[in-house]
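Below are the chains, spelled out letter by letter.
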Amino acid sequence: MSDFEIVTREDYSDVTFMLEVRHPQMARAAKPGQFVIVMAHAQGERIPLTIADFDRERGTITLVIQAVGKTTLEMQRDLRLGAHLHAMVGPMGVPSHLGTTSGTPRKVVCVGGGLGVAPIFPQARAHKEAGAYVIGVLGFRNRGLIFWEDKFRAVCDELIVCTDDGSAGIKGLVTAGILQAVDQHPDIDEVVAIGPPIMMKGCADTTRSLGIKTMVSLNPVMVDGTGMCGGCRVKVGESVKFACVDGPDFDGHEVDFDDLMMRLNRYKPAEKVSLLKMGEGCRMQGSPKA
Amino acid sequence: MAKKTIRTIPQARTPMPEQDPQVRVGNFDEVARGYRLRDALVEADRCLDCADQPCVRGCPVGIDIPGFIRQVAGKNFHGAYDVITRTNLLPSVCGRVCPQESQCEGVCTVGESLEPVAIGRLERFVGDMAIAQGWSNVPYIEPQPHKVAIVGSGPAGMACAADMAKAGCRVTVYEAFHEPGGVLKYGIPDFRLPNAVVDVEIDKLRQLGIRFECNTLVGRLFTLEQMLTEMGYDAVFVGTGAGYPSFMGLAGESLGGVLSANELLTRCNLMHARDFPRYDTPLQPGKRVAVIGAGNTAMDALRVSLRLGAEKVYCVYRRTANEAPARAEEIHHAQQEGVEFHWLTSPLELLGDEAHNVRAMRCERMELGEPDASGRRRPVPLAGSGFELEVDEVVFAIGTHANPIIGQTSGLKLDPRGYIAADEQGATSMVGVYAGGDIVTGAATVIKAMGAGRKAARAIKAYLGLRDTERVYGGSASAAGSPSSAQAQDQAPADTDRPFGIPRQERGFARIHIA
């Protein structure tokens, strides 16, 4: 049994950081597209994080986290090298279907934006290993936030970097990158997109009229991650699915993203309370020195 | 002493001391305080000790009920505890949450003319005294070479684990959550079953040498097949519960403030959202809450909502109180605490505000028509009876489907509804794999799950070639063992100072079986 020790930590920017957690059993079991649920400490909440990488030899699971809420900010502050997570369970969810039915190499665009850049990596690598021609499309706000470019170059036949401000690669959203790839390759079989819901929605909208199958990985609110709470239910076509056990991968053209985004807002007010309290705690800790 | 008769026993059932409804809706402390010693003695005196003993047959695990009550009446409380724990290792849990009125108490001889003996309350009294006095019955255990895994640490898994540990097997219980206990922890709220009581009972299992491995999602971290091969388990019991909550498919179900009872209860109970922001898990409790359904889970959701500060809490159910699946006592408690019951009412759609949060639920009134397949009269809508109920939270407590993970990740045969196909003894389509509890039957009760766990344990013992007896026995009984059990035998005496996790001095009379 693992004690969830953090064996590597790297900070890619002032919001994005990487944790490599020791869990040999999970490293053996993990497949692209799966996720974990972690608790940073005993009073913490359970948050789902897509597995950004796994190393079977080192026996580790890599998570890339954006510090945006109370839990992730605390993780950024507290989870140094040698620290331990309170809990990490997984790999959860149905592994991504890599769809090499006939064994013939296919052409796949792997799109990652924001916090989706890391989890798209194992997908890109798996597609490459399965013999596909892989075009990576990565979206960042600016040059300073770019990470893992070299890792992607190693597994992608082409890599298109997009930045909002044009400080690196092409200026624009990842959808611009998809369109560039589509213009050069009329034979793309599949687009895989991971990122914020608004980005995945944009990708699905872009590819819908082009008739390119588009898979997205959803990360809605979850508690247990085993199908028990139903918090992660999403509308997919005519049916309601649980992202934790029926997904997290779904056909992007079928997902009701507006519904998903509204559901993700549910706990925003509570998150503000949490952040506020955390801020007060910090100020109180800091005051004697000030 | 003259033979007791129905005329000589105390006529009235001894009431349970309870927290005042007005006070208790403001806290999560236990509602029913438990019998005091004098209450227990008076109530024990009401048992006629009849020859027929219908209560024993009414109990899913067959506790010797007259036997333990006789001990209580004779003030031999440890003796009473010994009698109960011969068949039921969790008296504090079962005394609280069993539906006694439809089991032991429902068939009690006294109940034919008076109110039945309060068997559940007496059982709880004995269990709680054992906790307070630190009693635990760790029997002599003859170590066996067999390794048994239990998937799920809820009532079915706990019962099966205990029996297998007592039979000498090395037992590991796997749990996906970060704490063991299953529905006893995440589902049943503290005011009905304190999590501290569950923890004490789990510690007793640890004393039997059972290991608990939390944060382990069986099926995804490793499969059932791997457990039986590379991990060296001789048998596996699956008690993963029903999980997967049902919704109704109404318009507006994805609005903010609409959730399953499982989610509400898990956030509140296991994740301590009631102590937000001291704990990080949020819950955005509603001020006007509607809970759809009238089972025990619905009652829990209703009463949790009151305690979380809701001003109005409505129970919406399409039939009447007579058909409600919840225990009468739970409905009574909910009524006392101020829950408004809308019987014969069915939701039609959920209406949202501009922020996409639920603001109202449109309902219609029903009346009871002809009996349906379940034998209950079918509710029929009353034309033109539509109305809106103003709410800001809607909780669905209308049952669950089978949890799909084991089915997705193993070759285990499922029934058409997705539950694990198992015979009466819990044997599944896979040799060495047994299943029981809600994952086989669909949502039922704690005691039925425990009964299924015990039944499967008997079958597993037979499969492993272990004699099904509480008595001490020696010798290797691995005649039916597989090659993997022979391997396990080689590794068996791993820690001779703490065989099976039990310090040697606590079981000084034990003969250690060294392979």
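Small disclaimer: the values here were computed from a predicted structure and weren't measured.

**Some points on the side chain of Asn195(B)**
Residue and element names in this part refer to chain B. With respect to the helices and strands, the residue asparagine 195 is situated in helix 10 (residues 195–207). Looking at asparagine 195, the relative accessible area reads 10%, which means it is buried. Not counting residues up to four positions away in its chain, the partners in contact with asparagine 195 are Leu184, Lys185, Ile188, Asp190 and Asn269.

**Remarks on helix 8 (residues 257–264) of chain A**
Since the α-helix advances by 3.6 residues per turn, residues separated by three or four positions end up pointing in the same direction. For helix 8 of chain A, the set of buried residues is Phe257(A), Asp259(A), Leu260(A), Met261(A) and Arg263(A). Where helix 8 of chain A is buried, its residues contact helix 6 (197–208), strand 13 (213–217) and strand 14 (233–236) of chain A together with strand 5 (258–260) of chain B. Structurally, the start of helix 8 of chain A carries an N-cap: the backbone nitrogen of Asp258(A) is 3.3 Å from a side-chain oxygen of Asp256(A).

**Considerations on the sheet that holds strand 7 (residues 87–92) of chain A**
Residues and elements named next belong to chain A. A sheet is described by the order of its strands in space; here three strands give the open sequence 4-3-7, paired in antiparallel fashion. Looking at the sheet topology across the chains shown, the edges are occupied by strand 4 (47–50) and strand 7. Sheet twist, expressed as the average angle between the axes of neighbouring strands with direction ignored, equals 25°. For strand 3 (residues 35–39) and strand 7, the ladder comprises four bridges, and the chain directions are antiparallel.

**So, empty space enclosed by the protein**
Under the definition given, this model contains four cavities of 30 Å³ or more. Of the voids in this model, the largest cavity is the one considered here, and its volume is about 200 Å³. Lining the largest cavity are 21 residues; nearest its centre among them are Arg263(A), Arg266(A), Tyr267(A), Val258(B) and Glu263(B). Within the residue set of the lining of the largest cavity, elements represented by two or more residues are strand 14 and helix 8 of chain A together with strand 5 and helix 12 (261–270) of chain B. A per-element tally of the lining of the largest cavity places helix 8 of chain A first, with three residues. Of the residues assigned to the lining of the largest cavity, the class counts are 11 nonpolar, five polar and five charged.

**A few points about the layout of surface pockets**
Unoccupied space between atoms shows up once a probe the size of one water molecule is rolled over them. Residue and element names in this part refer to chain A. Here the second largest pocket is characterised by a volume of approximately 1,300 Å³. Together, 46 residues line the second largest pocket, and Val68, Leu115, Asn219, Leu264 and Glu271 are the ones closest to its centre. Those elements that place two or more of their residues in the lining of the second largest pocket are strand 4, strand 6 (60–66), helix 2 (70–78), helix 3 (117–129), helix 6, helix 8 and helix 9 (268–286). Grouping the amino acids of the lining of the second largest pocket by side-chain chemistry returns 26 nonpolar, 12 polar and eight charged.

**Digging into the confidence of the model for chain B**
Mean pLDDT for chain B: 86, with 90% of residues reaching 70 or above. Scored by ipTM, the complex comes to 0.87, with pTM at 0.85.

**Looking at the packing of helix 4 (residues 65–73) of chain B against helix 7 (residues 119–133) of chain B**
Residue and element names in this part refer to chain B. The geometry of helix 4 relative to helix 7 is characterised by a closest axis approach of 11 Å and an angle of 60° between their N-to-C directions. When the axis of helix 4 is compared with that of helix 7, the two are oblique. As for the relative orientation of helix 4 and helix 7, their crossing is left-handed in sense. Facing helix 4, whose interface residues are Ile65, Phe68, Ile69 and Val72, helix 7 presents Ile119, Leu122, Glu123 and Val126. The residue makeup of the contact of helix 4 with helix 7, split by class, is seven nonpolar, no polar and one charged.

Calculation notes
- Residues numbered from 1 in each chain as written.
- Chains lettered and ligands numbered in written order.
- Predicted model: local features only at pLDDT ≥ 70, side-chain atom pairs only at ≥ 80, totals over all residues.
- Heavy atoms only, no water.
- Helix = DSSP H or I, 4+ residues; strand = E, 2+ residues; numbered from the N terminus.
- Buried < 20%, exposed > 50% of the residue type's maximum accessible area, 1.4 Å probe, protein only.
- Contact = heavy atoms within 4.5 Å.
- Polar contact = N/O pair within 3.5 Å; in protein donor to acceptor, adjacent residues only side chain to side chain.
- Pairing = 2+ DSSP bridges.
- Axes fitted to C-alpha atoms, helices over the stretch in contact; angles between N-to-C directions.
- 1 Å grid on protein atoms, 1.4 Å probe; cavity = no way out; pocket = protein on both sides within 12 Å on 5 of 7 lines; lining within 4 Å.
- Points joined across faces, edges and corners; volume = space filled by probe spheres on them.
- Nonpolar A, V, L, I, M, F, W, Y, C, P; charged D, E, K, R; others polar.
- pLDDT = per-residue confidence, 0-100.
- Parallel < 35°, antiparallel > 145°, perpendicular 65-115°, else oblique.
- Left-handed = near helix turned anticlockwise from the far one by under 90°.

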